[in-house]
Amino acid sequence: MEKAVSCDTSRYHNLGAAEKCTEETEERSKKLFVPDVEIYCGTMRSLRRGAVALLRFITCVCALHRTSALNIPLEVEQLPTITDQSPSSLIAFPFDESFPVTCEAKGNPEPEFRWSKNGQEFDPSLDPRLIKEENSGTFVIPNNGNLTEYQGTYRCYASNKLGTAISREIEFIVPNVPKFPKEKHDPVVVEEGQPFTLQCNPPKGIPPLQIYWMTISLQHIEQDERVSTGLNGDLYFSHAIEKDSRRDYCCFAAFPKIRTIVQKTAMSVIVNTKKSDMTDGAANAILQRRPSLLTPSGDQSQQQLVKGEDLKLECIAEGIPTPQVEWLKIGHRLPPKAMKENHGKLLIVPKVNQDDSGKYMCKAKNGIGEAVHYFIVRVEEPPEWVFEPESQLSMVGSDVLIRCSATGTPKPAITWRVNGVLLQDSPAENRKFFDDTIVLYNAKASDSAVYQCEASNRHGTLLSNANIMVMNLPPMILTKEGEEYPPSTISWSKDESPDSIQVQELRSTVHDNGTLEIYSVEKGDTGQYTCWAKNIEGSSAIEAQLYVKDPTHIVVAPEDQQILIGNTAQLSCQAEYDKSFSDDFELLWEKDDVEIALNYTEDSRYLIEDGILHIVNVSHEDQGVYTCVARSSVDQDTASALLLVLDVPDAPENLVLTEHKGRSVKIKWIPGDDHNSSTTEFIIEYEESQWEPGNWKELLRVPGNHNSAILKLQGHVDYCFRVSGVNTVGRGAPSEPTERYKTPPAAPDKNPENIRIEGQLPHEMDINWEPLVPIEHNGPGLEYKVSYRQQDVDLVWTEHMVKRHSFVVKNTPTFAPYEIKIQAKNHQGWGPEPNIVLGYSGEDFPSAAPDDVAVEVLNSTVVKVSWIRVHRDKLHGHLGGYRINWWRLRSLVDSKKNHGEKFAVTFPGDHNYGTIPGLTPFSEYSLIVMTFNGRGNGPGSHPVNFKTPEGVPEKNPVFRVTDVQKHTVALAWAPPFEPNGILTGYLLEYQLINDTEEMEPLQTVDISNPLTTKWILRDLEPLSKYRFYLRSCTTVGCGPVVSEECSTASESTSTTTPPAGHSKSASLTPASVPKSRVTKPTRSTIGLTSSHEGISTQGWFIGLMSAVALLILSILIACFVNRNKGGKYSVKEKEDLHPDVESQGMNDDTFCEYSDNDEKPLKGSQQSLSREIKVGDSGDSLVDYGEEDAQFNEDGSFIGVYAGQKEKRAPVDIKDTAQIPA
């Protein structure tokens, strides 16, 4: 928009006429505030403008200025001018013989040519394969070899002594021959009625690309509303039909510019047609479904294109019936030039411009529902000249203005060059640069040059060469014949200043008609401007007020949103505006082009805070297009966003039951609104009135694009149905129930499942099964026929009719295989033929023990036990595994035997060896092996005794400092409780700890007398800290270390130091010290001595011996009493070796009871994994040694636990179900 006040004084030939011009203009508005303003000094037209708008720049002209194109004869010296050049893209088509790269120019002197390639100097004459033309910049690339080395971007430079002109950039493109990859396609298998897509994935090549789908015999694939080719070349099928099955779908990609057509490997499609006899409810769902989009994906997409291109929007949908596609433009009508192709699936808007930007929507719908997709279309523009620089011929001493301005989206970047060199690299003192204008002040002849202006954005580049010639010319007569009037001079002043406005001061230009144009207007340009017209008759003036204001602009625009119903939506909008409009500025919101009324009451759901619109408790009515309007008194800016409200699907409507066929019925419904989240599936539920009235249960699920299904029903049931939809938000409300539909009675459709055969007793077989639920009865009078026969023995089935879901077969052989089948029956008839299940009758205890039990000692704590498996005939049941019971007879340190704790380990499964860990070294043990089944344990094997070798001793239980002097420390200790062998002595070590807590070298004392329990270390440093270490040793090695610390005294005083941190006490047995070996220390010689006093005279020793004697006497008395009660031990041992097998089953239903006091696991053992152990009534048998199970790997390595029991003599049965595999 332009505003002008004009007064053309050329029509008035005297001062009075000029005054009349002034009077006319004074009547017009003197205060202008408009976007683009030109203030003319003239009266060519009368304008009355009262509008006020945003000012971007002001033009005021009062001067003579010529900017016409130059056409100077070549006889006159002049700058080079490019006269011919190649296009910006030069494609090397394979069928062309050669490719000329053109550059022609004129000038005086004659121009010389040079080239650059990819920004580097390039001389075509140095390449013998290139053809160079004389007196020309053109060179020719012949098509006789590898052209890829010439691929790149070229630029031509034409120069003479006056300057240099340049060509546009020329890109030489060598296209590759497009090819489809060699690949093998698996057949596309699709169910009838389902959608599918055949992908083309054409290779890249020189556009345009044309896609054809044909058969191998070059017959076009028929396309219609159901079958169509997308913009990406894929072939879409809305739903598959039987005739789509074929083996020769071929995609052909044609590239017309390079005259090439390539073919993709043929693809095969197999359509599985629906069979009428299928019984699965989901498979019989009617293939009518609401539309969904095959392309594009999602709810919204964006498309960006360049002005002048064709907009192509595509929506291809699937569904049954085939959906129809509609097109809309949100808030506007479709452009009149819009066209629909491909059966309405493709919208084409040719040669788009900015008016075609906006939001488009496609809607695919059929009688079942609809699907929508939104397209955000943005139209950008390549650069276009607003002011293209023109060649000029100017006089020496004049000011020369060169302007270059371009528009485009995004805004083009302007690059200036002079003689082909970037402007910043060729400075000049009299040259100034203002935004889009170059000014040469007091131009000289040496300022003659070729100025290049290049405007570029991502969509293209514009280049213009302007020849600026600075020279003096003879006078020229400009007036026409017969024109007689005094010439007038025009000048401008600002704010009553007497000085005229200078061009260089305000970035301005004075045009021929007297207009003053100011570029890049600033706030400082605000003021009152006066135009003066003067001639010999007088002068006249007009005034205009200029205000420069900031535009109103939305800087934070609202964004499209999807929000769940019931939540609060927030739409942001922030705007900038001129602060002088603070009283008039307002920010308001519109919904669907209707202003939102804000009443700020408690019930209002709309609230605006800091430019953010809050919509509380969003409902379906809040969905729409929201527009933020930032408005001042002179201008406004708007921005819009789409708010979509998401919710679960509405309940389906109009449920109808049709096609009643006894025990099947077809149900149809109309889907409810999916609320912007496509329905993924429908859930069909039923309720019956006989067994669980009011309880709805799921019957069937069908895909969300279906609206009907065939329901397979049970007999003799009074049904009603309802349907609910599911989408990504959740499950919607169910529909209203249908009318009731009662099915006729029928024979059972199925037989009982999960048949279990168990044997609690040796001569019985318990049969249990999962009964049919009431709805599966299909009619009254349900019974079960139980049939069984012994496998490979009986030919005839024994049958029983029962109404319960269990049956006991008595008087069966022990652990015999049986065939069992169970068939359902009601008053209407029998169910289907049942499947045969194999089971076994009850188990009995194993009757044999493992043979050839052998023990292999692996180390001092682990042995490997092997045996020969018990024969299957002796198991009398399912093999549960093997069990080893063992106990410690004595320590080899002394010869006295005592029955130690009993331990057990179980190896589930079929094993012939196992490993026993955690044994005590240097001990004698005994063990037996037995097998077990689900009934219990078998007899034990003959006991096998074995011995474990020596090991290292345990840690000393007591180690303490008994006396500390200035240079000596006395130590005392007790021997280990378990020496695990014959003690050979002790290893005593000590070291000094210095003031920095660093350790000095370790000193060692070997004590070879195992009876020694005291030692005195001498020649220690006073007031020093020492650490002492002690270990007990056997011939195998030394055991774990025990340590103690103390500091020596400052004076030689007798000090007894109690052990720090020890709560235990132990008797220390002194002994005479034999000869000991001392390792010589590195610091100084340490004197060693031992206690030589006799221990027999010590009081503590006499007390200890008395206590030991009393303890031994008590044990002897207890043993004597025990033997009088239970007989001699040897008799009990014989009973252990021959347990009474028959008596083991007398009380098989009872379980052993244990207390924590009876469980004494070995050192380091874990708790038992299983406690389900049966106990018989037999006497004191070795079979029961051990009550806990343990697990081992297949190789016998220990992975479980073991435990012991004190003298429990009852035989033990291990239930098969309690075993945990090793």
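Residues numbered from 1 in each chain as written. Predicted model: local features only at pLDDT ≥ 70, side-chain atom pairs only at ≥ 80, totals over all residues. Heavy atoms only, no water.

Draft legend 1. Main features of the overall build of the chain. Of regular secondary structure, the chain possesses three helices and 90 strands. For the chain, the residues scored as buried account for 47% of the 1222 residues in total. Considering only contacts within the chain whose residues lie at least 6 apart along the sequence, 68% involve residues at least 24 apart. Carbon and sulfur atoms make up 49% of the accessible area of the chain, which totals about 61,700 Å². (Helix = DSSP H or I, 4+ residues; strand = E, 2+ residues; numbered from the N terminus. Buried < 20%, exposed > 50% of the residue type's maximum accessible area, 1.4 Å probe, protein only. Contact = heavy atoms within 4.5 Å. Areas by Shrake-Rupley, 256 points an atom, 1.4 Å probe, with all protein chains shown as cover.)

Draft legend 2. Local environment of the packing of aromatic side chains. Evaluation of the coordinates by the stated rule reveals 27 aromatic pairs. Between the aromatic rings of F122 and Y154, the centroid separation amounts to 5.5 Å while the plane-to-plane angle is 75°, which identifies the pairing as edge-to-face. Placement of the pair is F122 in strand β10 (residues 120–122) and Y154 in strand β13 (residues 152–160), with a sequence separation of 32 residues. On the accessibility criterion, F122 (18% relative accessible area) is buried. One residue, K534, lies across the ring of W532, its end atom 5.9 Å from the ring centre. (Phe/Tyr/Trp six-rings, centres within 6.5 Å; stacked < 30°, edge-to-face > 60°. Lys NZ or Arg CZ within 6 Å of the ring centre and 35° of its normal.)

Draft legend 3. The arrangement of the nonpolar core in detail. In this structure, W115, F139, I141 and F172 are the most contacted members of the largest nonpolar core, which totals 25 residues. Contributing elements (two or more residues each) for this core: β5 (78–85), β7 (98–101), β8 (103–108), β12 (139–142), β13 and β15 (170–173). Among the elements that make up this core, the one with the highest residue count is β13 (three residues). Listed in part, the 23 residues of the second largest apolar core include F180, V190, L198 and L235. (Core = buried A, V, L, I, M, F, W, Y, C linked by side-chain atoms within 4.5 Å.)

Draft legend 4. Just the side chain of E454, in detail. Turning to its location among the elements, E454 is positioned in strand β40 (residues 449–457). There is a polar contact of 2.8 Å between the side chain of E454 and the side chain of R155. A polar contact is formed between the side chain of E454 and the side chain of R417, at a distance of 3.3 Å. (Polar contact = N/O pair within 3.5 Å; in protein donor to acceptor, adjacent residues only side chain to side chain.)

Draft legend 5. Quick peek at unusual backbone geometry. At the junction of N108 and P109, the peptide bond is cis and its omega measures out at 5° in the coordinates. Tracing the backbone through its elements, the reader meets P109 in the loop between β8 and β9 (112–117). Residue P208 follows P207 across a cis peptide bond; omega there is 5°. Although it is not a glycine, D593 adopts a positive phi angle of roughly 70°. Mapped onto the fold, D593 is located in the loop between β51 (586–591) and β52 (594–595). Note on D593: relative accessible area 62%, which makes it exposed. Phi angles above zero are rare outside glycine, and N778 is one such case at about 65°. Following the sequence through the fold, N778 ends up in the loop between β65 (764–770) and β66 (783–790).

Draft legend 6. Representation of the state of the cysteines. Under the counting rule described, the total for this entry stands at six disulfides. Shown here is the disulfide that connects C573 with C628, its sulfur atoms set 1.9 Å apart. With the S-S bond torsion at -75°, the cross-link from C573 to C628 turns out left-handed. Taken as a pair, C573 in the loop between β49 (569–572) and β50 (574–576) and C628 in strand β55 (residues 624–631) lie far apart in primary sequence, 55 residues in all. (Disulfide = S-S within 2.5 Å.)

Draft legend 7. Spotlight on a nonpolar patch on the surface. A contiguous nonpolar patch, built from L1110, L1113, I1117, F1120 and V1121 and spanning about 520 Å² of accessible area, is present on the exposed surface. Within the secondary structure, I1117 sits in helix α2 (residues 1099–1126). (Patch = residues over 30% accessible without salt bridge, like charges linked within 9 Å, V, L, I, M, F, W, Y side chains within 5 Å. Salt bridge = Lys/Arg side-chain N within 4 Å of Asp/Glu carboxyl O.)

Draft legend 8. Fine view of the pattern of salt bridges. Under the criterion given, the structure shown has 42 salt bridges. Put simply, R129 and E149 hold a salt bridge, and the shortest N to O gap is 2.9 Å. With R129 in the loop between β10 and β11 (131–132) and E149 in the loop between β12 and β13, this pair connects stretches of sequence that are 20 residues apart. Here E384 and K307 are joined by a salt bridge, their closest N and O atoms 3.7 Å apart. One end of the pair, E384, is in strand β32 (residues 370–387); the other, K307, is in the loop between β25 (300–306) and β26 (311–314), with 77 residues separating them in the sequence. Its relative accessible area of 35% is what places E384 among the partly exposed residues. Using a relative accessible area of 33% as the deciding quantity, one classes K307 as partly exposed. Because the salt bridges share partners, they merge into one network encompassing D127, R129 and E149.

Draft legend 9. Spatial organisation of the sheet that holds β26. With respect to topology, three strands assemble into an open sheet ordered β26-β30-β29, the strand pairing being antiparallel. Edge positions in the sheet fall to β26 and β29 (339–341), since each of these pairs with one other strand and no more. Taking the axes of each pair of neighbouring strands and ignoring which way they run, one obtains an average angle of 25° across the sheet. Across three bridges, the pairing between β29 and strand β30 (residues 346–349) is antiparallel. Counterpart to M339 in the pairing with β30 is I348. (Pairing = 2+ DSSP bridges. Axes fitted to C-alpha atoms, helices over the stretch in contact; angles between N-to-C directions.)

Draft legend 10. Molecular detail of the pairing of strand β24 (residues 289–295). Taken across its seven residues, β24 has five buried, putting it largely inside the fold. Of the pairings in the sheet, the one linking β24 to strand β27 (residues 316–320) comprises four bridges and is antiparallel in character. Paired with T295 across the strands is I316, a residue of β27.

Draft legend 11. Quick peek at the sheet that holds strand β76 (residues 913–916). Pairing in this open sheet of three strands is antiparallel, and the strands run β72-β73-β76 from one edge to the other. The strands lining the two open edges of the sheet, one partner per strand, are β72 (851–857) and β76. Going from strand to strand, the sheet's axes swing by 20° on average, the running direction of each strand aside. Pairing of strand β73 (residues 863–868) with β76 involves four bridges; the strand directions are antiparallel. Looking at β76, one finds that K864 is bridged to T915.

Draft legend 12. Just the pairing of β55, in detail. Burial analysis of β55 places six of its eight residues in the buried class, the great majority of the element. As defined by bridge partners, β51 adjoins β55 across six bridges and the pair is classed as antiparallel. Along β55, the bridge assignment pairs E586 with R631. In terms of strand pairing, β55 meets strand β56 (residues 636–646) through eight bridges, oriented antiparallel. Note that in β56 the partner of V625 across the bridge is L642. The turn linking β55 back onto β56 is made up of four residues.

Draft legend 13. Structural detail: the environment of P975. The residue P975 is located in the loop between β80 (969–973) and β81 (985–993) in this model. Between the alpha carbons of P975 and L1011 there is a distance of 8.3 Å; along the sequence they are 36 residues apart. Those residues in contact with P975, other than ones at most four positions away along the chain, are N956, P957, L983, Y986 and T1013.

Draft legend 14. Fine view of the side chain of T102. Its place among the elements puts T102 in the loop between β7 and β8. The class for T102 is buried, based on a relative accessible area of 17%. Leaving out residues up to four positions away in the same chain, T102 has contacts with D84, Q85, S86, W115, T138 and I170.

Draft legend 15. Spotlight on the environment of P336. Within the secondary structure, P336 sits in the loop between β28 (324–329) and β29. The exposure class assigned to P336 is exposed, which follows from its relative accessible area of 85%. Taking the C-alpha atoms as reference points, P336 and V349, 13 residues apart in sequence, are found 8.8 Å from one another.

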